[in-house]
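# Per-entry structural report
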Amino acid sequence: MKKTFALTLAVVMLMALLAGCGGSKNSSQSENGNTQSAQNQTDGAKSGDNGTASTGTDTSSNEVVTLKFGTWNNPEIEQKKIDAFEKTHPNIKIEIDKSITWPWDEKLGAAAAAGKLPDVFFVFNAPNDVASGWLADLTPMLKEDPDYNEKNIFGNLSATGQYNGKQYVLPHQLFTTGVLINVDLFNKENIPLPKPNWTVDDFEKIAKKLTKPSENQFGVENILGARESFVPQFDPSLGWLTYDGKQFNFDKPAFSDAIHWINNVVYNDKSAVDFYDRKEQDKWYGKDKSGFVMGKVGMKIDANWAFADLSKNAKFKWDFLPIPGKAGQRVPMVTDYIGMAASTKHPKEAFEFIKWLTYSKEGWLERINNIEKPISTMPLINDREVWDAYLKNTFTAPGLKDVIAGIPNGFVDGYKWLPGDAEIIDKVLNPYDTKKDLVTLKVKPEDVAKDIQNKAMDIFNKDKAQIDAATK
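Residues numbered from 1 in each chain as written. Predicted model: local features only at pLDDT ≥ 70, side-chain atom pairs only at ≥ 80, totals over all residues. Heavy atoms only, no water.

Let us now look at the overall build of the chain. In terms of helices and strands, the chain carries 18 helices and 11 strands. Within the chain, the proportion of its 472 residues that are buried is 57%. Carbon and sulfur atoms make up 49% of the accessible area of the chain, which amounts to about 19500 Å² in all. (Helix = DSSP H or I, 4+ residues; strand = E, 2+ residues; numbered from the N terminus. Buried < 20%, exposed > 50% of the residue type's maximum accessible area, 1.4 Å probe, protein only. Areas by Shrake-Rupley, 256 points an atom, 1.4 Å probe, with all protein chains shown as cover.)

Now for the packing of helix α2 (residues 75-88) against helix α13 (residues 347-358). Following both chains from N to C, one finds α2 and α13 inclined at 120°, their axes separated by 11 Å at the closest point. Compared by their axis directions, α2 and α13 come out oblique. For the crossing formed where α2 meets α13, the hand is right-handed. Between α2, through K81, I82, A84, F85 and T88, and α13, the contact on the second element is made entirely by E352, F353, W356 and L357. A per-class count over the contact of α2 with α13 returns 6 nonpolar, 1 polar and 2 charged. (Axes fitted to C-alpha atoms, helices over the stretch in contact; angles between N-to-C directions. Parallel < 35°, antiparallel > 145°, perpendicular 65-115°, else oblique. Left-handed = near helix turned anticlockwise from the far one by under 90°. Contact = heavy atoms within 4.5 Å. Nonpolar A, V, L, I, M, F, W, Y, C, P; charged D, E, K, R; others polar.)

Relative to strand β3 (residues 120-123), strand β1 (residues 65-70) is paired through 2 bridges, and the arrangement is parallel. By the bridge assignment, F69 is partnered in β3 with V120. Relative to strand β10 (residues 332-340), β3 runs antiparallel, the two sharing 4 bridges. Within the sheet, the bridge partner assigned to V120 lies in β10 and is M340. (Pairing = 2+ DSSP bridges.)

Considering all chains together, one arrives at 36 aromatic pairs under this definition. Each ring, one from W72 and one from W102, has its centre 5.3 Å from the other, and the planes form 35°; the classification is tilted. Of this pair, W72 sits in the loop between β1 and α2 while W102 sits in the loop between β2 (92-96) and α3 (104-113), placing them 30 residues apart in sequence. Note on W102: relative accessible area 45%, which makes it partly exposed. Here W72 and W104 contribute two aromatic rings whose centre-to-centre distance is 5.1 Å and whose plane-to-plane angle is 80°, an arrangement assigned as edge-to-face. Here W72, found in the loop between β1 and α2, pairs with W104, found in helix α3; they are 32 residues apart in sequence, far enough to count as distant. Since its relative accessible area comes to 1%, W104 is described here as buried. Through pairs of rings, three or more aromatic residues link up here, namely F69, W72, F85, W102, W104, F122, F124, F353, W356 and Y415. (Phe/Tyr/Trp six-rings, centres within 6.5 Å; stacked < 30°, edge-to-face > 60°.)

What the largest pocket holds in volume is close to 590 Å³. Taken together, 25 residues make up the lining of the largest pocket; nearest its centre are L224, G225, A226, R227 and E228. Counting only elements with at least two residues in the lining of the largest pocket, the list comes to α9 (227-234), α10 (253-268), β8 (297-303) and α17 (421-434). The dominant element in the lining of the largest pocket, judged by the number of residues it contributes, is α17, at 4 residues. Of the residues assigned to the lining of the largest pocket, the class counts are 14 nonpolar, 5 polar and 6 charged. If you add up the space inside the second largest pocket, you get close to 490 Å³. As for the second largest pocket, its lining consists of 25 residues, and the residues nearest its centre are T160, Y243, D244, G245 and W417. Elements represented by at least two residues in the lining of the second largest pocket include exactly β4 (162-163), β11 (411-412) and α18 (445-470). (1 Å grid on protein atoms, 1.4 Å probe; cavity = no way out; pocket = protein on both sides within 12 Å on 5 of 7 lines; lining within 4 Å. Points joined across faces, edges and corners; volume = space filled by probe spheres on them.)

Here we come to the nonpolar core. I223 and M299 are the most contacted members of the largest nonpolar core, which totals 137 residues. A per-element tally of this core places α10 first, with 9 residues. Leaving out residues up to four positions away in the same chain, I223 has contacts with F203, F230, W261, I262, V265, V266, A272, D274 and I301. (Core = buried A, V, L, I, M, F, W, Y, C linked by side-chain atoms within 4.5 Å.)

A word on the side chain of N182. The topology assignment puts N182 in strand β6 (residues 169-182). Overall, N182 belongs to the buried group, its relative accessible area being 2%. Polar contacts involving the side chain of N182 include one to the main-chain amide nitrogen of D184, which spans 3.2 Å. A polar contact of 2.9 Å, which involves the side chain of N182, links it to the backbone nitrogen of L185. Beyond its immediate chain neighbours, meaning those up to four positions away, N182 contacts F292, G295, V297, G298, F316 and K317. (Polar contact = N/O pair within 3.5 Å; in protein donor to acceptor, adjacent residues only side chain to side chain.)

For the rest of this paragraph, the subject is the side chain of Q167. Within the element layout of this structure, Q167 appears in strand β5 (residues 166-167). Using a relative accessible area of 4% as the deciding quantity, one classes Q167 as buried. Looking at Q167, its side chain comes within polar contact range of the side chain of Q162, at 2.9 Å. Setting aside residues no more than four positions away along its own chain, Q167 makes contact with A136, D137, L138, T139, L142, Y148, S158, G161 and Q162.

A few words on the packing of helix α14 (residues 361-371) against helix α15 (residues 384-392). Closest axis-to-axis distance for the α14/α15 pair is 9 Å, and the angle between their directions is 15°. When the axes of α14 and α15 are compared, the pair comes out roughly parallel. Between α14 and α15 lies a crossing whose hand is left-handed. Note on element contacts: α15 touches α14 through E385, V386, A389 and Y390, opposite K361, W364, L365, I368 and N369. In terms of residue class, the contact of α14 with α15 is built from 6 nonpolar, 1 polar and 2 charged.

Here is the structure:
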């Protein structure tokens, strides 16, 4: 994505962002259960007098096509999306496939074995689904669709669904990780609010100043689970889980440096409430209550999916800032994906539904204005009308504009799309993390980094070979 996009979007954010957030109530509270521009372009599904989509689907036909849809989202909200889609695509009917539930891959595998994969489905493990031959290559249809281009979709996000240059999945939901700030607590402690380009050193100093153990007040929450968000701040050439676009890099200094820094904040500075077990926190804040939400923690590593809960339950003014940097500053992102079954008998109709959920302007405006109010996911297209609608109809924060501006240069959680990622976490990192050996430095990361790297690359190369064989 070009840098000019970030500038354009930043200007849009400045004009459209709400003046404040937090303590005030929003008239439309989230009820969907999800804790999650430059050009005005018409959606392909609206082109042509008879409703013919840009992919060639003839919606004027009397023949009604029924598609099965596998989704893990709230079924009430999904049905509203389906109803809206069907109004503009009268020849396409969508039925939620209730047989596809958790464990997701297991249920998809059973459906594939029985020849009953849903036509369109959410993808939890794209490498596995691609290697298994379950997913169709969307590239030919995307090439034919003038609405799909780098001007109206985040290229660095769609690229995560590509294997050997072929697009098998598209992102349909987007969330960004940042730092929630208790503005009132900062003011109470006479601590200036951080600037968007703050550093990890700034973060650590602020966390120490905010911490008052005798009052059960702490500087930060949820930092122990934020290792993957901080590694690229120490080395901007790396992405999630140290991946650089070609390989993992656990043996580079950034992996160890990030762990040492987090360890210092938690166990040496004792500035993080994470230092204390859950039973202790329950005594202070209430059963399973967040110290940040209760107003006793100054900063929390979280994502924009937390906004709805904060707007409802936080009794203080809050904001959302980019993750602080060390050698640079990059925005961590989490995406959900959707794909088309290779076995579908109705690829054009299935593509129309996928488009409506991913990069259709018409689809996004309908979701934002009429279905998911407030919508938890950020839009995935660069369109001023869509972003204006999003910012007017969702919980937001002034600092969000700075997080959004970093999306084009951000990095994406690889769990659902990166070959080997899930297995590396499960088989290589989790044994260390379960015992907290890495974080507590019972095992120094630099001493085991080479071993982790070798095991990770063995898994990656195995998965990559399987994908290569399936996508030739």
